[in-house]
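# A closer look at the structure
Listed here are the chains, written in short residue letters.
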Amino acid sequence: MTSIPHLLREKHNSFVDRLSVLEELVGNKSKLATRAGLSNSGIRHYFFENGEPTRPQLIALARAAGVHIDWLVTGEGAMRPVSVETRTFIVETYFKYRQTGRFADNHETRVEFTRAYNNGVFARTPQIGALSVYELNRWLEEYAAPTLSGGEFINTPFHDLDDVSQEPTSASTDVSGRKETPLSFRRNLAIDKWKLDSGKLKLFAVASDDQHGPFRPHDWVLCDCRKAESPRNGIYLINTPDGQLFRRVQFLNSGRVRVIREPQPYSDGVDRSGDDAEEYDARQVKLIGRAFGYWRRIRM
């Protein structure tokens, strides 16, 4: 079986490899020939006899599958123009597919996901009518390995508060071995607009009623875990003897803080959480991170 690291190194260096991707996108060799206005014998000549198409034929093949002719000729650069939002959508749909079916991340799973996507099993994004395993591999690599100096996505280390003793899981370039980060952010949004430090962002999954404060169980909460010289009032994940809890924190004079557990309505209309507030010496309250945003999620 092909290893994941090998999959991520594949660049489809041969022209036949890239033709196979075009065949995957359109359905089969015969459909590729028809769309490109070529004969079936001509297509077979390229696939099986190392034939070299002319420039007009290369243009016709590229247009037939909607790919960049530069990529078709050289294998370099992006295969076709696909927006960041669309690439993120595809990758996160793949993660949901794996989580729902409890599938391992391997070549067979990626092939089956691509086949299911192309057969309309999932809601497809209008920009991508057909998906190739080649592109899925590229986008998973891009998603999994952002760096401070490049890459369009920023992943956040993921910490599931179902296990409060667990250390936050760092994002890793090893897609096969890491726990998938459910959310990622565009670099220009997180750094340029929000003014965040990508190395200090962490994503937490709220576990129980006692932890949520203003959040619901299973929400994803993005925290800015920088140590602020002058902390602002807000919702923080804090360390307590009972574990890691989200609470509203107010910074008072004389080095005191007020920790508030906000009331939460329940489905039967009865508020069981209480709205008590307690004051502490600021040194007694360990701030893990300030909540920056949250997302409601469906428990798989």
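Here the structure is a predicted model, which is why all the values come from computation and not from measurement.

Another aspect to go through is the packing of aromatic side chains. Evaluation of the coordinates by the stated rule reveals 10 aromatic pairs. On the basis of an interplanar angle of 75° and a centroid distance of 5.2 Å, the ring pair of Y94 and F113 is categorised as edge-to-face. One end of the pair, Y94, is in helix α7 (residues 84-101); the other, F113, is in helix α8 (residues 107-118), and 19 residues separate them in sequence. With respect to class, Y94 is no different from F113; both count as buried. By the ring-pair criterion, three or more aromatic residues cluster together here, those being Y94, F95, Y97, F103, F113, Y117 and F122. Directly above the aromatic system of F47 lies the positively charged group of K29, at a separation of 4.7 Å from the ring centroid.

Most of strand β4 (residues 201-205) is tucked away, with 4 of its 5 residues classed as buried. As judged from the 5 bridges shared by β4 and strand β5 (residues 220-224), these two strands associate in the antiparallel manner. Bridging across to β5, L203 finds its partner in L222.

Of all hydrophobic cores here, the largest spans 25 residues; its most connected members are L22, L32, I43, L61, V67, W71 and L72. At the level of secondary structure, the elements contributing two or more residues to this core comprise α2 (15-26), α3 (29-36), α4 (40-48), α5 (55-65) and α6 (69-74). When residues no more than four places from it in sequence are discounted, the contact partners of V67 are L22, L25, A62, M79 and R80. Grouped together as the second largest cluster of nonpolar side chains are 16 residues, Y94, A116, Y117 and L140 included.

In a regular helix each residue adds 1.5 Å, so 12 residues correspond to 16 Å; α2 covers 17 Å between its end C-alpha atoms and thus fits that length. Within the sequence span of α2, burial applies to F15, R18, L19, V21, L22, E23, L25 and V26. One or two steps after α2, the chain reaches G27, where phi turns positive at roughly 125°.

As a further point, take the environment of L136. Relative to the elements of secondary structure, L136 occurs in helix α9 (residues 133-144). On the basis of relative accessibility, which here comes to 0%, the residue L136 falls in the buried class. In this structure, the C-alpha to C-alpha distance between L136 and R110, residues 26 residues apart in sequence, is 7.6 Å. Not counting residues up to four positions away in its chain, the partners in contact with L136 are I90, Y94, R110, F113, T114 and L131.

Attention now moves to the confidence of the model for the chain. Of the residues in the chain, 69% have a pLDDT of 70 or more, and the chain-wide mean is 75. Mean pLDDT values for the elements of the chain range from 39 in helix α1 (residues 4-9) up to 94 in α8. This stretch, residues 1-9, has a pLDDT under 50; its non-local contacts, to residues over four places away or in other chains, come to 21 contacts.

A volume near 480 Å³ is recorded for the second largest pocket. Looking at the second largest pocket, it is lined by 18 residues, and the ones nearest its centre are R226, K227, A228, P231 and Y236.

Counting buried residues along β5, 5 of its 5 residues qualify, which places the element largely inside the surrounding structure. Alternating positions in β5 separate into two faces, W220, L222 and D224 on one and V221 and C223 on the other, with burial throughout.

This part covers unusual backbone geometry. Look at N50: it is not a glycine, yet its phi comes out positive at around 55°. The class for N50 is exposed, based on a relative accessible area of 61%. Located in the positive-phi region is S254, a residue other than glycine, with phi close to 60°. On the secondary structure map, S254 appears in the loop between β7 (243-251) and β8 (256-260).

The next thing to look at is the pattern of salt bridges. Scanning all chains against the criterion turns up 8 salt bridges. Salt-bridge contacts for R110 lead to D105; the nearest nitrogen and oxygen are separated by 3.0 Å. Note that R283 is salt-bridged to D281, the shortest N-O span being 3.1 Å. Given a relative accessible area of 76%, R283 falls into the exposed group.

Reading guide: rules and limits
- Counting restarts for each chain, with residues numbered from 1 along the sequence as it is written.
- In view of the model being predicted, local features appear only for residues whose pLDDT reaches at least 70, and side-chain atom pairs are presented and counted only at 80 or more, with totals across whole chains, interfaces and linings using the full set of residues.
- Only heavy atoms go into the side-chain values, all of them from the structure, while hydrogens and water stay out.
- A pair of Phe, Tyr and Trp rings is counted when the ring centres sit within 6.5 Å of each other, with Trp represented by its six-membered ring. The angle between the planes then sorts it: under 30 degrees is stacked, over 60 is edge-to-face, the rest tilted.
- We count a stretch as a helix when DSSP gives it H or I for four or more residues in a row; a strand needs E for two or more, and each element gets its number in order from the N terminus.
- Relative accessibility thresholds used throughout: buried, under 20% of the residue-type maximum; exposed, over 50%; partly exposed, between the two (1.4 Å probe, protein chains only).
- Comment: the charge-over-ring label is applied if NZ (Lys) or CZ (Arg) is within 6 Å of the ring centre and within 35 degrees of the ring normal.
- Each pair of strands is called paired provided DSSP finds at least two bridges between the two strands.
- Each nonpolar core is a collection of buried residues, namely Ala, Val, Leu, Ile, Met, Phe, Trp, Tyr and Cys, held together in the definition by side-chain atoms within 4.5 Å.
- Here, two residues are considered to be in contact whenever any of their heavy atoms come within 4.5 Å of each other.
- Multiply 1.5 Å by the residue count of a helix minus one, and that product is the helix's expected span.
- Per-residue confidence from the predictor is given as pLDDT, running between 0 and 100.
- Only protein atoms enter the 1 Å grid used here. Points where a 1.4 Å probe fits but cannot escape make up a cavity, open sets with protein on both sides within 12 Å along at least five of seven lines make up a pocket, and a residue lines them when an atom lies within 4 Å of a point.
- Grid points are joined across faces, edges and corners, and a volume is the space filled by probe spheres set on the points.
- Whenever a carboxyl oxygen of Asp or Glu lies within 4 Å of a side-chain nitrogen of Lys or Arg, that contact is scored as a salt bridge.

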